[in-house]
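Observations on the model geometry
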Amino acid sequence: MLTDTAKIILDLDTGIDDTLALSYVLASPDAELIGITGTYGNVVVDHGVSNDLRLLAMYGREDIPVFKGIDHPSTAESFAVPPDSEIFHGANGTGNAEIPAQTDRQAESRSSVDFIIESVRKYPKGELTIVPTGALTTIAAVLEQAPDIVDKIRIVLMGGSLTQPGNVGPFAEANINQDPEAANAVFASGADITMVGLDVTTQVLMTKDDTKALRETGTPVGKFLADMTDYYIGISEQEDGDNYQGGCNLHDPLAAAVAIDPTLVTTLATNLMVETEGPQRGRTIGDPSRILQEPKTTKVALTVEAQRFHTQFMDRLLNLAKASK
Ligand code: BDR
Ligand code: CA
């Protein structure tokens, strides 16, 4: 029997907005985080996983397992953090704010790929959602190694853009751009995917009023979240130029929220592909060779109830910060 609680695996490159997504899921009474898998992007895998372990210690949730994912793009031998990612997320991934907790806990010895495959097989269809918020290399490996789960897996990913320019170039969004070949394989797999891309994530913001409210909780967690997000707001103002809208984009938290409550967005069903060649490398676009193919397996989020999301996001984060020690 399906339950009302959404089981979630977060595949994070932790990351400021990844940290906010993790916080949101932990703060959501209608979600159960069954594990974190670490990918690369804003930081290297080891660094992201270390951040995840410390964040879980900070929240008193060391019961949640953390797994390491594949640490470099499918077409490269290694990965180094792009300069822009370090500018946006700080060298430590949390905007140079120090996570107020340490831990001796290590990542599990099993790989992210194995954990995701086993989890999809374990739970009834529709009960578990995988939420990738970084490079899609691990998810592509999952679908390649276990094609039998393609009809069962549900993916709600942060990445891509259909109606907006890219954020690392005219066409490409950062997460897709880390490994366009892997992202293309994921979209081509036929799996049930909801793409929460720049079309909607640029419409949801966190402002200085929000960080002030977090700071006023008076808790170390509230202060940490406020310091970290103030960094992100400041760097967005500095880097976004005329596109700055008065706050930072809540990219990854919106994907997590849509995984829990799909009614936050409306979507366009299509068969998507990722350009892997030429100047449009990394672009997410409808696949002309599958234009008539049914069912159309990717739902692209195009509108969002931004105010409803923002209210829910801040209510939950404030409760989490207040309840922390
Ligand atoms: C995405 O790229 C990363 O920098 C963010 O964490 C987010 O997942 C936005 O394009
Ligand atoms: Ca991310």
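Just so it is clear, the structure is predicted and the values come from calculations on it, not from any experiment.

Reading the values: the criteria
Residues numbered from 1 in each chain as written. Chains lettered and ligands numbered in written order. Predicted model: local features only at pLDDT ≥ 70, side-chain atom pairs only at ≥ 80, totals over all residues. Heavy atoms only, no water. Donors = N, O, S within 2.8 Å, 3.2 Å for Na, K, Ca; no water. Helix = DSSP H or I, 4+ residues; strand = E, 2+ residues; numbered from the N terminus. Buried < 20%, exposed > 50% of the residue type's maximum accessible area, 1.4 Å probe, protein only. Core = buried A, V, L, I, M, F, W, Y, C linked by side-chain atoms within 4.5 Å. Contact = heavy atoms within 4.5 Å. Axes fitted to C-alpha atoms, helices over the stretch in contact; angles between N-to-C directions. Parallel < 35°, antiparallel > 145°, perpendicular 65-115°, else oblique. Left-handed = near helix turned anticlockwise from the far one by under 90°. Near = heavy atom within 4 Å. Polar contact = N/O pair within 3.5 Å; in protein donor to acceptor, adjacent residues only side chain to side chain. Areas by Shrake-Rupley, 256 points an atom, 1.4 Å probe, with all protein chains shown as cover. Nonpolar A, V, L, I, M, F, W, Y, C, P; charged D, E, K, R; others polar. Phe/Tyr/Trp six-rings, centres within 6.5 Å; stacked < 30°, edge-to-face > 60°.

Below, the discussion takes up the coordination of the calcium ion (ligand 2). In an ideal tetrahedron of four donors about a metal, each angle is 109.5 degrees. In an ideal octahedron of six donors, the angles are 90 or 180 degrees. Around the calcium ion (ligand 2), the protein supplies Asp13 (OD), Asp18 (OD), Asp18 (OD), Thr133 (O) and Asp252 (OD) as donor atoms, at distances of 2.2 to 2.7 Å. Linear spacing of the donor residues for the calcium ion (ligand 2) on their chain is D-x4-D-x114-T-x118-D. You can see Asp18 sitting in helix α1 (residues 16-26) and its partner Thr133 sitting in the loop between β4 (128-132) and α5 (137-145), a full 115 residues away along the chain. For Asp18, a relative accessible area of 0% corresponds to the buried category.

General note: in soluble globular proteins, nonpolar side chains tend to be found buried as a group. Counting residues in each nonpolar core, the largest one holds 69 residues, and the members touching the most others are Ile8, Leu22, Leu33, Met206, Leu214, Leu225 and Phe313. Looking at this core element by element, the count peaks at 8 residues for helix α10 (residues 220-240). Each residue touching Met206, except ones within four places of it in the same chain, is listed here: Leu20, Thr211, Leu214, Thr229, Ile233, Gly247, Cys248, Leu250, Phe313, Met314 and Leu317. The next biggest cluster of nonpolar side chains, apart from the first, holds 34 residues, and it includes Ile9, Tyr123, Ile149 and Ala183.

Closest axis-to-axis distance for the helix α9 (residues 208-215)/helix α12 (residues 306-323) pair is 9 Å, and the angle between their directions is 25°. Accordingly, the angle class assigned to the pair α9 and α12 is roughly parallel. In the packing of α9 onto α12, the handedness of the crossing is right-handed. For the pair α9 and α12, the contacting residues are Asp210, Ala213 and Leu214 in the first and His310, Met314, Leu317, Leu318 and Ala321 in the second.

Our focus in this paragraph is the site of ligand 1. Taken together, the neighbourhood of ligand 1 is formed by Asp17, Asp18, Asn42, His89, Thr133, Met158, Asn167, Glu173, Ala174, Asn175, His251 and Asp252. Contact distances for ligand 1 include 2.5 Å between an oxygen atom and a side-chain N or O atom of Asp17. A distance of 2.4 Å separates an oxygen atom of ligand 1 from a polar side-chain atom of Glu173. When ligand 1 is considered free in solution it has 280 Å² of accessible area, and contact with the protein chains removes 94% of it. Contributing elements (two or more residues each) for the shell around ligand 1: α1, α6 (174-178) and α11 (251-260).

Glancing now at the packing of helix α4 (residues 112-122) against α5. Between α4 and α5, whose axes approach to 9 Å, the crossing angle comes to 55°. Here α4 lies oblique to α5, going by the angle between them. Remark: the crossing between α4 and α5 carries right-handed chirality. Only Thr138, Ile139, Ala141, Val142 and Gln145 of α5 make contact with α4, whose side of the interface consists of Ser112, Val113, Asp114, Ile116 and Ile117. Residue composition of the contact of α4 with α5, grouped by class: 6 nonpolar, 3 polar and 1 charged.

It is worth spelling out the packing of aromatic side chains at this point. By the definition in use, this model includes 5 aromatic pairs. When the ring of Tyr24 is compared with that of Phe309, the centres are 6.2 Å apart and the planes differ by 55°; the resulting orientation is tilted. Placement of Tyr24 in helix α1 and of Phe309 in helix α12 is noted, with a sequence separation of 285 residues between them. Among the aromatic side chains, those forming a connected cluster through ring pairs are Tyr24, Phe309 and Phe313.

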